[in-house]
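Letter by letter, the chains look like this.
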Amino acid sequence: MNDALRWITQRRSIRQFTGDPVPREKLTAALQAAMAAPSARNLRPWSFVVVTDRPAREALAKAHPYAGFAAQAGAVIVPFGKKEGSKWFDQDMAAATENLLIAISGLGLGATWCGLDEALQDRIRPLVGTPDDLYLFALIPVGVPAEEKPARTQYDEARVHWERYQG
Ligand SMILES: Cc1cc2nc3c(=O)[nH]c(=O)nc-3n(C[C@H](O)[C@H](O)[C@H](O)COP(=O)(O)O)c2cc1C
């Protein structure tokens, strides 16, 4: 398996953390990977709030029903941007978010992509200080892993239609 495939398959959702802080250089390196993502017309609609303060992380953990583990993380990253008028916003943001997750894994850290619907965004906006017109794309707890998960591809031959859809 080549290096790129190894890094991609090693990325898993990590929800248990040691509670140790995450070095800022590693967070910056992961954000560099996020911003290397492809985007339509190279408009790069993304920005990121990075929360390391413990009480702030605890508040974020409380605000999301499926991200309670953010309290034990070393940081929480919230990719955000202006969705209005940006036709490819979701696709661009997803590309950056996946790059971010792969880089975090490659740096020996763990993370999980936690989705944000409109209601959750409304709860989280005041906690990260973003104005109402900005779209919060995800909430990503990042930390030093306290669990290990095996690499895997989940490759499914039946999902592949060579040359043409085969029913
Ligand atoms: C859009 C999206 C939303 C998700 N939301 C949550 C979430 O709220 N809480 C959580 O623990 N995991 C969440 N996940 C992580 C998935 O549960 C996880 O990616 C999936 O089970 C596959 O496991 P893996 O990431 O280890 O490959 C989300 C993933 C995506 C892509």
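Structural notes, computed from the coordinates. Note that the structure is predicted; figures quoted are calculated from it, not measured. (Residues numbered from 1 in each chain as written. Predicted model: local features only at pLDDT ≥ 70, side-chain atom pairs only at ≥ 80, totals over all residues.)

**So, the overall build of the protein chain**
Link 1 in the chain: Within the protein chain, the secondary structure is distributed over five helices and six strands.
Link 2 in the chain: Ordered by position from N to C terminus, the α and β elements of the protein chain give α-α-β-α-β-α-β-β-α-β-β.
Link 3 in the chain: When each of the 167 residues of the protein chain is scored for burial, the buried share is 32%. (Helix = DSSP H or I, 4+ residues; strand = E, 2+ residues; numbered from the N terminus. Buried ≥ 20, exposed ≤ 12 C-beta atoms within 10 Å, placed from the backbone.)

**Thoughts on the site of the ligand**
Link 1 in the chain: The full set of residues close to the ligand is Arg12, Ser13, Arg15, Tyr66, Ala67, Thr112, Trp113, Cys114 and Gly115.
Link 2 in the chain: Per-class residue counts for the shell around the ligand are four nonpolar, three polar and two charged. (Near = placed C-beta within 6 Å. Nonpolar A, V, L, I, M, F, W, Y, C, P; charged D, E, K, R; others polar.)

**Overview of the nonpolar core**
Link 1 in the chain: Counting 39 residues, the largest nonpolar core has Ala75, Val76, Leu100, Ile104, Leu139, Ile140 and Val142 as the members making the most contacts within it.
Link 2 in the chain: Secondary-structure elements contributing two or more residues to this core are α2 (24-34), β2 (75-81), α4 (89-106), α5 (118-128), β5 (135-136) and β6 (138-143).
Link 3 in the chain: Top contributing element to this core by residue count: α4, with eight residues.
Link 4 in the chain: In this view, Ala75 contacts Val22, Leu27, Val50, Val51, Thr52 and Val142; residues no more than four positions away in its chain are not counted. (Core = buried A, V, L, I, M, F, W, Y, C linked by C-beta atoms within 7 Å. Contact = placed C-beta atoms within 7 Å.)

**Observations regarding the packing of helix α1 (residues 3-10) against α4**
Link 1 in the chain: Relative to each other, α1 and α4 sit at 95 degrees, their axes nearing to 8 Å. Taken together, α1 and α4 sit at an angle that is classed as roughly perpendicular. On α4, the residues that touch Trp7, Ile8 and Gln10 of α1 are Ile102, Ser105 and Gly106.
Link 2 in the chain: Within the contact of α1 with α4, the residues separate by chemical class into three nonpolar, three polar and no charged. (Axes fitted to C-alpha atoms, helices over the stretch in contact; angles between N-to-C directions. Parallel < 35°, antiparallel > 145°, perpendicular 65-115°, else oblique.)

**Digging into unusual backbone geometry**
Link 1 in the chain: Positive phi, normally seen in glycine, also occurs at Arg41, with a value near 55 degrees.
Link 2 in the chain: Examined against the element boundaries, Arg41 turns out to sit in the loop between α2 and β1 (47-51).
Link 3 in the chain: At Glu163, a position not held by glycine, the phi torsion is positive, near 70 degrees.
Link 4 in the chain: Its place among the elements puts Glu163 in the segment after β6.
Link 5 in the chain: Glu163 gets classed as exposed once you count the C-beta atoms within 10 Å, which come to 5.

**Regarding the packing of helix α3 (residues 54-63) against α5**
Link 1 in the chain: Their axes nearest at 10 Å, the elements α3 and α5 cross at an angle of 175 degrees. When the interaxial angle is binned, α3 and α5 end up roughly antiparallel. Together, Ala56, Ala59, Leu60 and Ala63 of α3 and Arg123, Ile124 and Leu127 of α5 make up the contact between the two elements.
Link 2 in the chain: Looking at the contact of α3 with α5 residue by residue, the class counts come to six nonpolar, no polar and one charged.

**Brief notes about the environment of Ile102**
Link 1 in the chain: Structurally, the position occupied by Ile102 is in helix α4.
Link 2 in the chain: The exposure class assigned to Ile102 is buried, which follows from the 20 C-beta atoms found within 10 Å.
Link 3 in the chain: In this structure, the C-alpha to C-alpha distance between Ile102 and Thr153, residues 51 residues apart in sequence, is 14 Å.

**Here's the deal with the pairing of β2**
Successive side chains on a regular strand alternate, one facing one side of the sheet and the next facing the other.
Link 1 in the chain: Extensive coverage of β2 is indicated by the burial of seven of its seven residues.
Link 2 in the chain: The alternating pattern of β2 places Ala75, Ile77, Pro79 and Gly81 on one face and Val76, Val78 and Phe80 on the opposite face, and all of these are buried.
Link 3 in the chain: The pairing of β1 with β2 spans five bridges and is classified as antiparallel. Directly across from Val51, in β2, lies its bridge partner Val76.
Link 4 in the chain: As paired elements, β2 and β6 share three bridges and run antiparallel to each other. Across the sheet, Ile77 pairs through a bridge with Ile140, a residue of β6.
Link 5 in the chain: Relative to β5, β2 runs antiparallel, the two sharing two bridges. Directly across from Phe80, in β5, lies its bridge partner Leu136. (Pairing = 2+ DSSP bridges.)

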